[in-house]
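# Chain and residue survey
So you can see what is in the structure, the chains are spelled out below.
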Amino acid sequence: MNKHIDNECITALRVIGAEMITKAKSGHPGIVLGAAPIVHTLFTRHLNIDANDEKWFNRDRFILSAGHGSALLYAMLHFSGFNIPMRELANFRQKDSMTPGHPEYGHTSGVEMTTGPLGQGISTAVGLAIAEAHLAARFNKQACDIVDHYTYVLCGDGDLQEGVTMEAMSLAGHLRLNKLIVLYDSNDIQLDGSVSLACTDSIEKKVKSMKWGYLRVEDGNDVEEIDEAIREARMSTDRPTLIEIKTIIGYGAPTSGESSIHGKPLSEDDLRTLKDNLDSNQMAFTVSKEVSDFYHSAISVRGAQANSGWNYLMSEYAKKYPKEYDLLNQYMFNDIRLKDFDGLPEFSVGSSISTRAVMGKVLDWLSSKLPNLVGGSADLTSSTMVKGADGIFSSVNLSGRNIKFGVREHAMAAITNGITLHGGLRGFCAGFFVFSDYMKPAIRLAAIMHLPSLFFFSHDTVCVGEDGPTHQPVEQLAMFRSMPNTRVFRPADAKEMTAAMLLAMDAKENPTIIVSSRQNLEVLENTDAEGVSRGAYIAFEPKEEPKAMFVTCGSELALCIAVAKRLEKENIYVRVVSMPSMDLFERQSEEYKNSILPKRITKRMAVEMGSSICWYKYANHVHGIDEFGKSMPLKYIAEEYGFTEEVIYNEFLEIVKN
Ligand SMILES: Cc1ncc(C[n+]2csc(CCOP(=O)(O)OP(=O)(O)O)c2C)c(N)n1
Ligand SMILES: [Mg+2]
């Protein structure tokens, strides 16, 4: 290998990365200068990507888990031929630039995932690797490995300190995801100072105990050594690999090796010193033709060749396995759709069933119709009733679609995102609603990335009962309803639940959260699938013009209807609006919204067994729960919090009178 050109290129990466940050007066030069040789080696010798076919299905995936190294990623993607012109590198972190502070999926070409919250990248990558392994098992044929790529991650010390990373790595090792390779930028420094101030774990022992391979590169500037380690990692047949690469943070800068270089831009003087130290005489934001030519041939040409080789393989596959080829195309273009509703579970009015049971039944039916649904529960299958089809996904049954996530909620959500992010598959997962707290950072990323991941929850309210306040959700609905680009459904009965599940399948650009009841709920004659698709609808209309109304959802709908019927007998006319999804309702036309919640009806009361805060937009009186729950059997709960006909009736009368 030509050592000279590798060094030229790495210097160019370092200098441009540092220039970007200095010009922006903001960013993280430490990792850019320290890890440039790692990224250079991976991109020029291993990573199969094609800037002219960005979404090439079988490309290798590269996730910059240490998202603060964005300048390095953007510079590398620029040299790899992606649509990031040099002026956009110079525009780093500026308003409306292509190069925002941290990498943003869907915003910058070549960026595979939004990163920045440490731990999310590496955990999501486990989902990508699961997707690859599953699709390979599903579609590959003898001598026709149509799905066959690696998932690479660059992470730092911080990523490995996050709990979510340990959850995800533990599952990845258990599942023997041998095509997952983590490059660990091990520089012994983090933001506040030396890593040893906060962490003295042996990463080697830790990862080995989780059934990972561990390799170590002593000199993070040695391209050959890094290359050799990646080569070895790629040979692994039974475990993922972490390569610990010893680097020097801020290499070449006056304060290299110190924590101050982590997030402090170099001054103009420091930049000059850096260039002197690295023997660079590049003008600002320029590179030699030698460098750009090398990158073109080592990344773009090599990647395009790999892509055309794959296309040839696909044409062979199409000839030999036309049916599978058609199906694979449907997977690849996310075109797996419901063609009929044969066998869709039905629930008769008047019968009684928990919405979690409905969720499970409808999901089983959906899985039988949609072969690309993959997911499972966090060790709660018998409670959430959510599971995937075709047996447990494991190293000996990679075509299984039921993932046993174990009690790893946070990683479960991130992995679900990775499965969806890969393309071809739709990831889902499930747990107790109260423990959605453990999943929030990953759900937030799904929303930011516009990923249609599916999050199913059971045990929606304090009606959990005996398990007490730790298990009784109160504020979680408010949390998710306030999250942008997130669709939350809290269905009132089996019919609304079925409708919500079907709607969730159509989502393309937002995560969906569906929250179900533990307790049985009567299937109401008033509920309506079409209404669910509008987010809110009139579930009960009195026989004369309503002067007041209830706005409610979930198990409280039946209660409000019962009260409204009683009031009707007393000639007090009250409308009941079922609002299973505030987000979906907000997206309806003004005309529709006014027809459901007309301004003339000013006396409104919202009723929900949860935090009242999200309801004041729709009602001036809210009967909610603004305290933590209490442990007691279900039969006492309604009384304890005033969710009885008597209490709601009396409260409502007060409102109507005033
Ligand atoms: C969840 C989360 N917590 C905190 C931060 C802020 N942060 C960004 S980088 C960093 C230091 C991480 O250290 P390391 O990974 O070793 O990066 P290095 O300093 O070596 O570049 C911190 C605390 C973050 N981005 N995400
Ligand atoms: Mg570090």
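Residue numbers run consecutively from 1 along every chain, following the written order of its sequence. Whichever chain is written first becomes A and whichever ligand is written first becomes 1, with later ones labelled in order. Local features in a predicted model are, by the rule used here, given only for residues with pLDDT of at least 70; side-chain atom pairs are given and counted only at 80 or more, and totals for whole chains, interfaces and linings are based on all residues. Each side-chain value is worked out from all heavy atoms of the structure, with water and hydrogens disregarded.

Per the convention used, a helix needs a DSSP run of H or I reaching at least four residues, while a strand needs a run of E reaching at least two, with both numbered from the N terminus. Within the protein chain, the regular secondary structure consists of 24 helices and 19 strands. Our radius of gyration looks at C-alpha atoms and nothing else; its globule reference is 2.2 Å times the residue count to the power 0.38. In terms of overall size, the protein chain behaves like a compact globule, its C-alpha atoms giving a radius of gyration of 28 Å where 658 residues would be expected to give roughly 26 Å. When its C-alpha atoms are laid out on the principal axes, the protein chain stretches across 90 × 60 × 45 Å. Put simply, the protein chain has 658 residues, and 61% of those count as buried. By the convention used here, residues are in contact when the closest approach between their heavy atoms is within 4.5 Å. The long-range fraction of contacts in the protein chain, counting pairs at least 24 apart against all pairs at least 6 apart in sequence, stands at 77%. In the structure as shown, the protein chain presents an accessible area of about 25,300 Å², 50% of it carried by carbon and sulfur atoms. Between buried and exposed lies partly exposed: a residue is buried under 20% and exposed over 50% of the maximum accessible area for its type, with that area taken using a 1.4 Å probe on protein chains only. Note on areas: Shrake-Rupley, 1.4 Å probe, and residue coverage restricted to the protein chains presented here.

Moving on, we get to the packing of helix H2 (residues 29–45) against helix H9 (residues 223–235). One can describe the packing of H2 onto H9 by two numbers: an axis separation of 9 Å at closest approach and a directional angle of 55°. Taken together, the axes of H2 and H9 lie oblique to each other. Between H2 and H9 lies a crossing whose hand is right-handed. Facing Pro37, Ile38, His40, Thr41, Leu42 and Arg45 of H2, the residues of H9 in contact are Val223, Glu224, Ile226, Asp227, Ile230 and Arg234. The nonpolar class holds Ala, Val, Leu, Ile, Met, Phe, Trp, Tyr, Cys and Pro. Asp, Glu, Lys and Arg form the charged class, and all remaining residues, Gly among them, are polar. Here the residues of the contact of H2 with H9 sort into 6 nonpolar, 2 polar and 4 charged. Whenever a helix is involved, its axis is fitted only over the stretch in contact; in every case the axis is a line through C-alpha atoms, and angles between N-to-C directions fall within 0 to 180 degrees. Roughly parallel refers to an angle under 35 degrees, roughly antiparallel to one over 145, roughly perpendicular to one between 65 and 115, and oblique to any angle outside these ranges. In this scheme, a crossing is called left-handed if the near helix is turned counterclockwise away from the far one by less than a right angle; it is called right-handed if the turn is clockwise.

It suffices for a single heavy atom of a residue to lie within 4 Å of a molecule or strand for the residue to be listed as near it. Taken together, 15 residues lie near ligand 1, and His68, Gly116, Gly158, Asn187 and His262 sit nearest. Note that an oxygen atom of ligand 1 is positioned 2.9 Å from one of the side-chain N or O atoms of His68. Gly158 places a main-chain nitrogen or oxygen 2.8 Å from an oxygen atom of ligand 1. When the free accessible area of ligand 1 is taken as 590 Å², the share hidden by the protein chains comes to 75%. Counting residues per element, the ones that place at least two in the shell around ligand 1 are helix H6 (157–161) and strand S4 (189–190). Grouping the amino acids of the shell around ligand 1 by side-chain chemistry returns 6 nonpolar, 7 polar and 2 charged. Two N or O atoms count as a polar contact when they lie within 3.5 Å, although within protein this holds only if one can serve as hydrogen donor and the other as acceptor, and sequence-adjacent residues are included solely when both atoms are side-chain atoms.

Taken together, Asp157 (OD), Asn187 (OD1) and Ile189 (O) make up the full set of protein donors to the magnesium ion (ligand 2), lying 2.1 to 2.2 Å away. Because water is not among the atoms used, a metal site may look incomplete, as its donors are only the N, O and S atoms within 2.8 Å, or 3.2 Å for Na, K and Ca. For the magnesium ion (ligand 2), all donor residues lie on one chain, and their spacing in sequence is D-x29-N-x1-I. Placement of Asp157 in helix H6 and of Ile189 in strand S4 is noted, with a sequence separation of 32 residues between them. For the pair shown, Asp157 and Ile189 are each scored as buried.

This next bit is on the confidence of the model for the protein chain. Looking at any residue, its pLDDT shows the predictor's confidence there, from 0 to 100. In the predicted model, the protein chain carries a mean pLDDT of 97, and the fraction of residues at 70 or more is 100%. Ranking the helices and strands of the protein chain by mean pLDDT puts strand S2 (residues 151–155) first, with 99, and helix H14 (residues 381–384) last, with 92.

Put simply, two rings from Phe, Tyr or Trp (the six-membered ring, in Trp's case) pair if the centres are within 6.5 Å, and we call them stacked under 30 degrees between planes, edge-to-face over 60, tilted for the rest. Following the criterion strictly, the structure yields 18 aromatic pairs and no others. Seen in terms of ring centroids, Tyr317 and Tyr321 are 5.2 Å apart; in terms of plane orientation they differ by 55°. Their pairing is tilted. By relative accessible area, Tyr317 is classed as buried at 0%. Centre to centre, the rings of Phe585 and Tyr618 are 6.2 Å apart; their planes meet at 70°, and the pair counts as edge-to-face.

The subject of this paragraph is the sheet that holds strand S10 (residues 426–432). Only when DSSP finds a minimum of two bridges between them are two strands counted as paired. Ordered in space as S9-S10-S11-S13-S12, the 5 strands form an open sheet in which the pairing is parallel. Looking along the sheet, the strands with just one partner apiece sit at the ends: strand S9 (373–377) and strand S12 (487–489). Across this sheet, the average inter-strand angle for adjacent strands is 15°, counted without regard to direction. The pairing of S9 with S10 spans 5 bridges and is parallel. Of the residues in S10, the one forming a bridge with Val374 is Gly427. Contacts between helix H15 (residues 409–422) and the sheet are confined to S9, S10 and strand S11 (454–458), with S10 contributing the most and set at about 165° to the helix. Relative to the sheet, helix H18 (residues 494–506) contacts S9, S10, S11, S12 and strand S13 (512–515), its axis offset from that of S13 by approximately 165°.

To continue, consider the sheet that holds strand S19 (residues 621–623). Read from one edge to the other, the open sheet built from 5 strands follows the order S15-S17-S16-S18-S19, with strand pairing classed as mixed. Across the chains shown, the open sheet's two edge strands, defined by having one partner strand only, are strand S15 (537–540) and S19. The sheet shows a mean angle of 30° between the axes of neighbouring strands, direction not considered. One ladder, built from 3 bridges, connects S15 with strand S17 (residues 574–578); its direction is antiparallel.

Here we come to the domain arrangement of the protein chain. Here the limits of each domain have been adopted from an automatic or database domain assignment. For the protein chain, the domain assignment lists domain 1 (3–306), domain 2 (352–522) and domain 3 (537–657). Of note, the centres of domain 1 and domain 2, computed from C-alpha atoms alone, are 32 Å apart. Counting residues at the interface gives 28 residues for domain 1, matched by 31 residues for domain 2. Here's the idea: put two parts together, see how much 1.4 Å probe accessible area each one loses, and the total over both is what we call buried area. Counting the surface lost from both domain 1 and domain 2, the interface buries some 2,500 Å², and carbon and sulfur atoms represent 73% of this. By convention in these notes, a salt bridge is any Lys or Arg side-chain nitrogen within 4 Å of a carboxyl oxygen on Asp or Glu. Joining domain 1 to domain 2, the criterion identifies 0 salt bridges. One can count 9 residue pairs in polar contact (both at pLDDT 80 or more) joining domain 1 with domain 2. At the level of elements, helix H5 (120–139) and helix H7 (163–174) are the ones that each hand at least two residues to the side of domain 1 that touches domain 2. With 13 residues, H5 is the largest single contributor of residues to the side of domain 1 that touches domain 2. Broken down by class, the residue content of the side of domain 1 that touches domain 2 amounts to 15 nonpolar, 8 polar and 5 charged.

In this analysis, the expected span of each helix is defined as 1.5 Å times one less than the number of residues it contains. The first and last C-alpha atoms of helix H1 (residues 3–24) sit 32 Å apart over 22 residues, in line with the 32 Å expected at 1.5 Å per residue. The element H1 is extensively covered by neighbouring structure, given that 17 of its 22 residues are classed as buried. Lys25 lies just past H1 and shows a positive phi near 55°.

A few words on the environment of Val577. With respect to the helices, strands and loops of the structure, Val577 is situated in strand S17. Sequence separation of Val577 and Ile561 is 16 residues, and the distance between their C-alpha atoms is 9.2 Å.

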